[in-house]
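Architecture at a glance
Given next are the chains, with one letter for each unit.
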Amino acid sequence: MARNWFCGSNDHRVSRRGFLGTAATASALGAADMTTLDLLQSPALAAEVKQQQKHVILLWLAGGPSQLETWDPKPGRPTGGPFRAIPTNVPGVQISELMPKLAQRMQHTAVIRSLNTRNADHGGGAAMMETGRAVEQGLPYPDLGAMIANELGRADSQVPDYVSMYTSTEGRRKGTSGFLGSRYAPMFLTEQMVPENIRKLEQLSELDHVQRSDLRAFLANRFVEGRNSSSVSSHNQAYQRVRGIMASEKLFDIEQEPLEMRAKYGPTQFGEQCLIARRLVQAGVPFVKVARAWWDSHGQNFETHLELVTELDHVMSTLIDDLQDRGLLEHTLIITLGEFGRTPGINSSLGRDHFASAWSSSLTGCGVKGGAVYGKTDADGQTVIDGEIKAGELFATIFEAVGIDSKKEYQIGARPVPIVDFGAKPIREVLA
Amino acid sequence: MRCLPILIVVAGLASPWNAAAGDLLPADSTVEGAIDHYIRATLVERQLAAAPRADGQTLLRRWSLDLAGRVPTLAESEAFQALSPSERPVATVDRLLASPDAAFHLRNELDVLLLPDGKSSDEWRQYLLRACQENRPWDRMFSEMLIGKEDDPAVRGATQYLRSRATELDDVTNETSRLFFGVAISCAKCHDHPLVDDWKQDHYFGLASFFNRLYVTRSRHVGERASGDVKFKTTAGLEKPAKVMFLTGTVVDEPALDRTAEQNKAEDELVRNLQQKDDQGLPPEPEFSRLRQLVDVALRDENQRFFARSIVNRIWDRLMGRGLVHPVDQMHSENPASHPELLDWLERDLVTHGYDLRRLIRGIVLSEAYARESVWQGEGDAPDPEWFAVAATRPLTPRQLSLSLQIAAMNPRDVAGAQADPTWGPRRQQLENQSFGLARELELPGENFQVGVSEALLFTNSQRIQNEYLRDSGDRLVSQLKGLPPGESVPLAFRVVLARQPDAAEQAAFAQYLHDRADRPVPATQQLVWALLTSPEFRFNH
């Protein structure tokens, strides 16, 4: 059965938010750790909330990783490249030898080998794989993070709903909250790991900072009366969240982690950002995107992948272990995704080019059937021969895995807009 | 298959497509008179109560934001108070519409409407500003945007509309249809519209055919080829040449192209050169321009209702918070207007008065429907927004907000506003330029706009807000307030920032705040001004 812990109906949503709202109000101002907050209330509710509190970590492999050097190897074929396939701890499932650590953790991971998304252009492919559908004029679709933030975030949350971490040029796509509005836009970290405007100005005393906010709230509460406008309420909510968000600054500070833990993730930027992602998830952030760049290997594909896949193997395995040790893996979905895959054909620079017609993604943890493999490509990886899906089906699967009804529709003004591309259904075979 | 059903069904209303002009109020009614007649009629018919007229100061602020793009200055508030209540509306609206601000504001509105997403350019903005200053008719602006005269400096900026989209045929087709004709037609690209009989693939590709010869040269000029057609595949799998067709089904007859293979080759070569090399001069004009045909066919008497209704509806939406047809890009037979006769009347009025946008804007803002309170204090729930019984509470655009912050944070004696002050025009320009930086940090409100926490963090913690708006220097409000007793400083702060007097509870709360910090008047005053500038009352037009 799909993990559909809350049905997405308004009633359920309201009561859930209502409960969580109470929890937040009851807490001390400025508490950043929502996992603690969740447990403050009655044990029965706490258990339910713990179940419901889902998170997503998107490992965005910018530029397009090769499915042949990751999840769908074709050893011994002209397209297979120099790397072997290795068995995993799930009988019958093989992945690239560049991922030995992930191979020993396949019981948590579902692999999808049958994406055919047709758009092999970086901009268009990214827009599609960020939003789960093709661009449509006049209706700016939100990206996955914004939709998850909208579904799993809380109106009064003291932590950000959506954090997006940069790497370098290729990874630096902010994404868009589209028609959901900037309420669901990412906290976007481009230059440094300290979020913008999260620290109080030194010239302002702590007391003044708090008290002027009370003065503002006094005016705001009077203005809200008699105005039934979600836009007006959102203004007040945004200001109410400020102190909590400020207190969450320490979540971004890697110095707060023991050296031993930092050593496990390793000293790379990607490793450190994944460690921060775990800290954020642990504190209640629903969606974290970590972008790792430079997968666009038109030349020297194999050297590039030797380096990048090895790093991914190590960091993602550490992340899986870390989440599992903390009891968070069953509530946290890790996704690997890029804008497309890479051609089975190897070009004259020993590279692989853009390829959107038969490529792979992986889902690990929350809500997925570990060890499942969905879809199949032909012997050379040129075409999908079984279970072909588009971005919409992948997105529907992701939503169902974290308990969001993939048949849900947003009401945008007068128009109902389905949360996934029109008609897209989840892949039941990979859902736990 | 990405079409979205539109589920607005308003029972009992005739389709606007069928309304006969003969049944309308006389053409010589005033615009505001016609609006109030039709809005009132629906309220009576539905037995709905309406909110009372807002007080004068509230209306002054609303008019200033909608016509000048900013809050009123203290001098303007004082001048307003000096007028008799009966002369205030017309005098204020006409003063604002004649002010330099009006052109800047309308320019800003058209800029973000027509070229969002950073596609705007300086030349484009200059073009729009000049056009708004002259109150250039809307049909002429449309024509200048589509039939770009690249060698005429006076209108060259207008072609940015096409330039930024010319390389994407779908973009230019869909956007032109949505923005100028109120029709979101992208669904009909893949199949005849499943729910709306009006839109077929023939319409989509017919409209695309007007644009398919466009190209942009390396020197960033917009050119149009003399040949080239659109073909498409129907859902039945048939390949079909598109007719050059407008939304109404009007097909453009083209002279038969009698071109040799050599001529085609020569054109290809020419276009390739223009696209690859600098300094190749302007692209040649084709002997038969499809873009010219589009302007011609869209503005013909029998076709112009799309063009006229769309801008009427969009301006109504901007000023009233919701379109007469809503969403504004869904004008079709399955989505009738809330007030079909009113839309017909306004459409006719716009056309018979030469597409004069200012006349339309003036009429809307002088209507009773516009002037209602935005708070519902009547019994039960407020009537649905589509009946315009209560004024909408609308988020300010980034430019309205950033400019209003500038004005409100200034020493009020330094800024006269749109009074008889000959230096105001250049001053406004300067303030406008200074406010761009902050405007870029803020989101343009769309439907269901929600304020994000990043905005609240920006206003709470950024050095920029502290420096620019809360500075204790002679040119800022803070310095004017800090030496005054609370009995004077609190009312002055409210009048400058919120354009109203504080009520007793507000006066008491703010005076107490200042009193408790009497030992450090500057920071105390700064926090008071901050609280006012970050209040929702400032953030919204209400």
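Above this text is the structure in question.
All figures in this text were calculated on a predicted structure; none of them were measured in a lab.

Moving on, we get to the environment of B:D414. Its place among the elements puts B:D414 in the loop between α16 (398–409) and α17 (424–441). Sequence separation between B:D414 and B:F210 is 204 residues, and the spatial gap between their C-alpha atoms is 52 Å.

On to the packing of aromatic side chains. Counting across every chain of the model gives 23 aromatic pairs over all chains. Taken together, a centroid distance of 6.4 Å and an interplanar angle of 75° make the contact between A:Y239 and B:W530 edge-to-face. One end of the pair, A:Y239, is in helix α8 (residues 230–240); the other, B:W530, is in helix α23 (residues 521–533), on a second chain. One exposure class covers both A:Y239 and B:W530, and it is buried. Ring centres of B:Y161 and B:F180 lie 5.3 Å apart, and the angle between their planes is 75°; this geometry places the pair in the edge-to-face category. With B:Y161 in helix α8 (residues 160–163) and B:F180 in helix α9 (residues 169–181), this pair connects stretches of sequence that are 19 residues apart. Comparing B:Y161 with B:F180, the two get one shared label, buried. Following the ring pairs from residue to residue traces out a cluster consisting of B:W138, B:F142, B:Y161, B:F180, B:F181, B:W199, B:F246, B:F306, B:F307 and B:Y355. Stacked on the ring of B:Y370, the Lys or Arg B:R62 has its end atom at 5.7 Å from the ring centre.

Moving on to the interface of chain B and chain A. Residue-level contacts link 63 residues of chain B with 58 residues of chain A. Of the roughly 5,300 Å² buried between chain B and chain A on both sides combined, carbon and sulfur atoms contribute 57%. Between the two partners, chain B and chain A, sit three salt bridges. Measuring nitrogen to oxygen at the nearest pair gives 2.1 Å for the salt bridge that ties A:R222 to B:D503. Taken together, chain B and chain A are joined by 19 residue pairs in polar contact (both at pLDDT 80 or more). For the side of chain B that touches chain A, the secondary-structure elements that each account for two or more residues are α9, α18 (453–461), α19 (463–469), α22 (504–516), α23 and α24 (536–539) of chain B. If you tally residues by element for the side of chain B that touches chain A, the top one is α18(B), at eight residues. Tallied by class, residues from the side of chain B that touches chain A come to 30 nonpolar, 18 polar and 15 charged.

This brings us to the sheet that holds strand β1 (residues 55–61) of chain A. Residues and elements named next belong to chain A. Reading across the sheet, the eight strands line up as β6-β5-β7-β1-β8-β11-β4-β12 and stay open at both edges, with mixed pairing between neighbours. Lying at the two open borders of the sheet, with one neighbouring strand each, are β6 (187–189) and β12 (373–374). Taken together, the five bridges between strand β4 (residues 109–115) and strand β11 (residues 359–365) define a ladder with antiparallel strand orientation. Pairing of V111 across the sheet is with S362, part of β11. Docked against the sheet, helix α11 (residues 269–282) engages β1, β5 (162–165), β7 (287–292) and β8 (332–337), running at close to 175° with respect to β7. Helix-sheet contacts for helix α12 (residues 301–325) involve β1, β7, β8 and β11, and the interaxial angle to β8 is about 170°.

Residues and elements named next belong to chain A. Summarising burial for β4: seven of the seven residues are buried, a large majority. By the bridge criterion, two bridges tie β4 to β12 in an arrangement that is parallel. Residue pairing for β12: V111 is matched across the bridge by V373.

Our next topic: the nonpolar core. Residues and elements named next belong to chain B. Within the largest apolar cluster, 105 residues are counted, with the highest numbers of intra-cluster contacts made by W138, M145, F180, W316 and L346. Here this core gets nine residues from one element, more than from any other, and that element is helix α13 (residues 305–320). Among all residues touching W316, those that are not within four sequence positions of it are I35, I39, G321, R322, G323, L324, L342, L346, I364 and F388.

Looking now at the pairing of β5(A). Residues and elements named next belong to chain A. The alternating pattern of β5 places Y162 and S164 on one face and V163 and M165 on the opposite face, and all of these are buried. Pairing analysis gives three bridges linking β5 to β6, with the strands arranged parallel. Opposite M165, over in β6, you have L189 as the bridge partner.

As a further point, take helix α13 (residues 391–401) of chain A. All names here are of chain A. Most of α13 is tucked away, with 11 of its 11 residues classed as buried. Of all the residues in α13, the buried ones are A391, G392, E393, L394, F395, A396, T397, I398, F399, E400 and A401. Packed against the buried residues of α13 are β4, α5 (122–131), α6 (144–152), β8 and β11. Just beyond α13, the residue with positive phi is G403, at close to 85°.

Next up on the list: empty space enclosed by the protein. All names here are of chain A. Scanning all chains against the criterion turns up eight cavities of 30 Å³ or more. Size it by volume and the second largest cavity reaches roughly 70 Å³. L61, P65, T70, W71 and S360 are, among the 13 residues lining the second largest cavity, the residues nearest its centre. Taken together, the residues that form the lining of the second largest cavity break down as six nonpolar, seven polar and no charged.

The next point concerns the side chain of B:R428. Residue and element names in this part refer to chain B. Of note, R428 is situated in helix α17. Among the polar contacts listed, one links the side chain of R428 to the side chain of D101, at a separation of 2.8 Å. For R428, the contacting residues outside a window of four places in its chain are A68, R70, D101, F104, H105, N108 and L403.

Criteria and thresholds
Sequence positions are assigned chain by chain, starting from 1 and proceeding in written order. Both sets of labels track the order of writing: A upward for chains, 1 upward for ligands. Note on the predicted model: pLDDT of at least 70 is required for a residue's local features to be given, and 80 or more for side-chain atom pairs to be given and counted; whole-chain, interface and lining totals, by contrast, use all residues. Hydrogen atoms and water are omitted, and side-chain values are computed over all heavy atoms in the structure. Strands here mean DSSP runs of E at least two residues long; helices mean DSSP runs of H or I at least four residues long; both are numbered from the N terminus. Each Phe, Tyr or Trp ring, with Trp reduced to its six-membered ring, pairs with another whose centre is within 6.5 Å; inter-plane angles below 30 degrees give stacked pairs, above 60 give edge-to-face pairs, and intermediate values give tilted ones. Relative accessibility thresholds used throughout: buried, under 20% of the residue-type maximum; exposed, over 50%; partly exposed, between the two (1.4 Å probe, protein chains only). The criterion is that NZ of a Lys, or CZ of an Arg, lies within 6 Å of the ring centre and within 35 degrees of the ring normal, and then a charge sits over that ring. In what follows, residue pairs with any heavy atoms lying within 4.5 Å of each other are defined as contacts. Two parts lose some accessible area (1.4 Å probe) when they are put together, and adding that loss for both gives the buried area. Salt bridge, as used here, is a side-chain nitrogen of Lys or Arg placed within 4 Å of a carboxyl oxygen of Asp or Glu. Throughout this description, a polar contact denotes any pair of N or O atoms lying within 3.5 Å of each other; where both atoms belong to protein, one of them has to be capable of donating a hydrogen while the other can accept it, and for residues adjacent in sequence the pair is counted only when both atoms sit in side chains. Each residue gets one of three labels, nonpolar for Ala, Val, Leu, Ile, Met, Phe, Trp, Tyr, Cys and Pro, charged for Asp, Glu, Lys and Arg, and polar for the others, Gly among them. When DSSP finds at least two bridges between two strands, those strands are taken to pair. Angles shown run from 0 to 180 degrees and are taken between the N-to-C directions of axes, each axis being a line fitted to C-alpha atoms and, for helices, limited to the stretch in contact. Here, nonpolar core means buried Ala, Val, Leu, Ile, Met, Phe, Trp, Tyr and Cys residues that are tied together by side-chain atoms lying within 4.5 Å of each other. In this analysis, the protein atoms alone were mapped onto a 1 Å grid. Cavities are point sets where a 1.4 Å probe fits without being able to get out; pockets are open sets with protein on both sides within 12 Å along at least five of seven lines; lining residues have an atom within 4 Å of a point. Grid points are joined across faces, edges and corners, and a volume is the space filled by probe spheres set on the points.

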